[in-house]
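A structural walkthrough
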Amino acid sequence: MFSLPKLQYSYDALEPFIDAKTMEIHYTKHHQAYIDKLNKALEKYPKLQKNSAEDLIKNLPVVPEDIRTAVRNHGGGHVNHSFFWQVLKKGVEPKGEILKAINKKFKGIDNFKELFKDAATTLFGSGWVWLVVNKEGELEIMKTPNQDNPISNGMMPILGIDVWEHAYYLKYQNRRPEYVDAFFNVINWDKVNEHFLNARK
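Residues numbered from 1 in each chain as written. Predicted model: local features only at pLDDT ≥ 70, side-chain atom pairs only at ≥ 80, totals over all residues. Heavy atoms only, no water.

**A look at the sheet that holds strand β3 (residues 156-162)**
Taken in spatial order, the 3 strands make up an open sheet running β2-β1-β3, and their pairing is antiparallel. In this open sheet, the two strands that pair with only one neighbour each are β2 (139-145) and β3. Within the sheet, the average angular offset between the axes of one strand and its neighbour, ignoring direction, is 25°. Relative to β3, strand β1 (residues 127-133) runs antiparallel, the two being bridged by 6 bridges. When the sheet's bridge partners are listed, Val129 is paired in β3 with Ile161. The sheet strands contacting helix α3 (residues 65-86) are β1 and β3, and the helix crosses β3 at an angle near 85°. (Pairing = 2+ DSSP bridges. Helix = DSSP H or I, 4+ residues; strand = E, 2+ residues; numbered from the N terminus. Axes fitted to C-alpha atoms, helices over the stretch in contact; angles between N-to-C directions. Contact = heavy atoms within 4.5 Å.)

Take a look at the structure:
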């Protein structure tokens, strides 16, 4: 059975950019709900419970049809949030191989931020925006609806932003662009670089 991963920092660690109350509710209520519903969906398929959530999301076509949508939505929610918590940290500047790759692909970090922000603010409804390593080994910005994850399409996410309203509404209300700007102050670029290097192996 899946369980909530340990958060590596306190709820107020990302203040003032992401407020403590949002972090607490997001982690203990929203993420926990995805886990509870994923575990419930898998109850009658004990063999599937041995898989990692990532493996389930990567191989959705082999998940039994009667639980496939639940696994896609709630398994995706668990995978996405587990990833999201890892890439958040204050005061980490972009550097290393990921910065070189961003400069090469997007003509500089500022231009990357503009493109990423545009994707995040124009995504309709709820979903995520990702920086991925695509099948050609190139960086790419992509959007996914709901709790879909790029690994279902053979892409490797190295950075992601949750643009469901539950991720920002207490502090930013309907001002998603402000939330995206704030997000740029809490990216753990060391972890993003680590993901990038692993994706290129």
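**Details of the pattern of salt bridges**
If charged atoms from side chains of opposite charge come close, those side chains can pair. Across all of its chains, the model carries 8 salt bridges by this definition. Note that Lys95 is salt-bridged to Asp190, the shortest N-O span being 2.9 Å. Separated by 95 residues along the polypeptide, Lys95 in the loop between α3 and α4 (96-106) and Asp190 in helix α8 (residues 189-200) bring together distant segments of the chain. Using a relative accessible area of 43% as the deciding quantity, one classes Lys95 as partly exposed. A salt bridge links Glu97 to Lys100; the nearest nitrogen and oxygen atoms lie 3.1 Å apart. With Glu97 and Lys100 both in helix α4 and 3 residues apart, this pair spans about one turn of that helix. Residue class for Lys100 comes out exposed when judged on its relative accessible area of 53%. (Salt bridge = Lys/Arg side-chain N within 4 Å of Asp/Glu carboxyl O. Buried < 20%, exposed > 50% of the residue type's maximum accessible area, 1.4 Å probe, protein only.)

**Overview of the packing of aromatic side chains**
Following the criterion strictly, the structure yields 15 aromatic pairs and no others. Aromatic side chains Tyr11 and Tyr27 sit 6.3 Å apart centroid to centroid with 55° between the ring planes, which places their arrangement in the tilted category. Of this pair, Tyr11 sits in the segment before α1 (20-41) while Tyr27 sits in helix α1, and the two are 16 residues apart along the sequence. With 5.3 Å between their ring centres and 15° between their planes, Trp128 and Trp130 make a pair best called stacked. (Phe/Tyr/Trp six-rings, centres within 6.5 Å; stacked < 30°, edge-to-face > 60°.)

This is a description of form; function is not addressed.
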